[in-house]
Structure formats: structure tokens, C-alpha cells
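What the coordinates show
In case you want the letters, here they are:
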Amino acid sequence: MEIWINPACSKCRGALTLLDAEGAGYTVRRYLEDVPSPEEVRALLDRLGLEPWDITRTQEAAAEELGLEKWPREAGSRERWIAALSEHPELIQRPIITADDGSAVVARSEQAVRDALGRHG
């Protein structure tokens, strides 16, 4: 399993603490430094079963600068959203855990982390 984190994020630190407490094996991706390509964002969305606007942090300064609130949330705009997430990774919701079974979860709660752990085995 892999967890995408921003070390400054308390929810990310909490998820790591829980993974460690459960003895889970995982790798950390600091996605602000190891920026995902549009292809990686697309693959992550497929694993999550979500659209790019579903995992976008719309309160970030970059979202305001890009005017994301006015962007259509429809199939025709999907690639524009994906490009924005790749170009501005701080817009990606965190933490995200990709499980060994091919699924992924936005792990903002203890229950979501536990769900990912359940998919790990």
C-alpha cells in the first residue's frame, strides 16, 4: 500500500500513526515533491472511483487563482481538472491510500484508514 501525504497535514500524520500502530507495511509518497503526472492522477481517480473535482481542495489559493469554482464539473472538463491537479498538487485532497487490492481511499478519517487496512491483506 502507498499513502500520499503532505507532512504538514495533521490528518496525514494521524493516518501514518494509525498505520504504524497497526503494523501496516506501506510506502510514503510526498506528492508535493514527487508530483503525480496526469496519467497517475487519472489512474488514482479510477482506483478511487471518483472524478477530479471530488478530490480537489477548492479552498487552496491555487484554486482561487485558477477560478476552479467556475469550472464545469462534467466529462468534457475532466482533463482540464486532471491537468490542474498535476500542475498544482496542493489541490489534491489528502491523505490518499492506495490499497494492494487495486482500490484507493481518501483517508481523512480513522475509519477510512481502517477501511484501507482491511483491503490490504
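Use the structure listed above.
A brief structural summary.

Definitions and limits used
Residues numbered from 1 in each chain as written. Predicted model: local features only at pLDDT ≥ 70, side-chain atom pairs only at ≥ 80, totals over all residues. Heavy atoms only, no water. Salt bridge = Lys/Arg side-chain N within 4 Å of Asp/Glu carboxyl O. Helix = DSSP H or I, 4+ residues; strand = E, 2+ residues; numbered from the N terminus. Buried < 20%, exposed > 50% of the residue type's maximum accessible area, 1.4 Å probe, protein only. Phe/Tyr/Trp six-rings, centres within 6.5 Å; stacked < 30°, edge-to-face > 60°.

**Some remarks on the pattern of salt bridges**
Going through the model one piece at a time under the given rule, you end up with seven salt bridges. Between E22 and R114 there is a salt bridge, with its nearest N and O atoms 3.0 Å apart. Residue E22 is found in the loop between α1 (10–21) and β2 (27–30), and its partner R114 is found in helix α5 (residues 110–120); the two are separated by 92 residues along the sequence. We classify E22 as partly exposed; its relative accessible area is 43%. Connected through shared salt-bridge partners, E22, E110 and R114 make up one network.

**Here's the deal with the packing of aromatic side chains**
Inspection of every chain in the model, using the stated rule, returns three aromatic pairs. Centroid distance W53 to W81: 5.8 Å. Interplanar angle 70°. Geometry classified as edge-to-face. One end of the pair, W53, is in the loop between α2 (38–48) and α3 (61–66); the other, W81, is in helix α4 (residues 78–87), and 28 residues separate them in sequence. Note on W81: relative accessible area 1%, which makes it buried. Relative to W81, the ring of W71 lies with its centre 5.5 Å away and its plane at 85°, an arrangement referred to as edge-to-face. Of this pair, W71 sits in the loop between α3 and α4 while W81 is found in helix α4, placing the two residues ten residues apart along the sequence.

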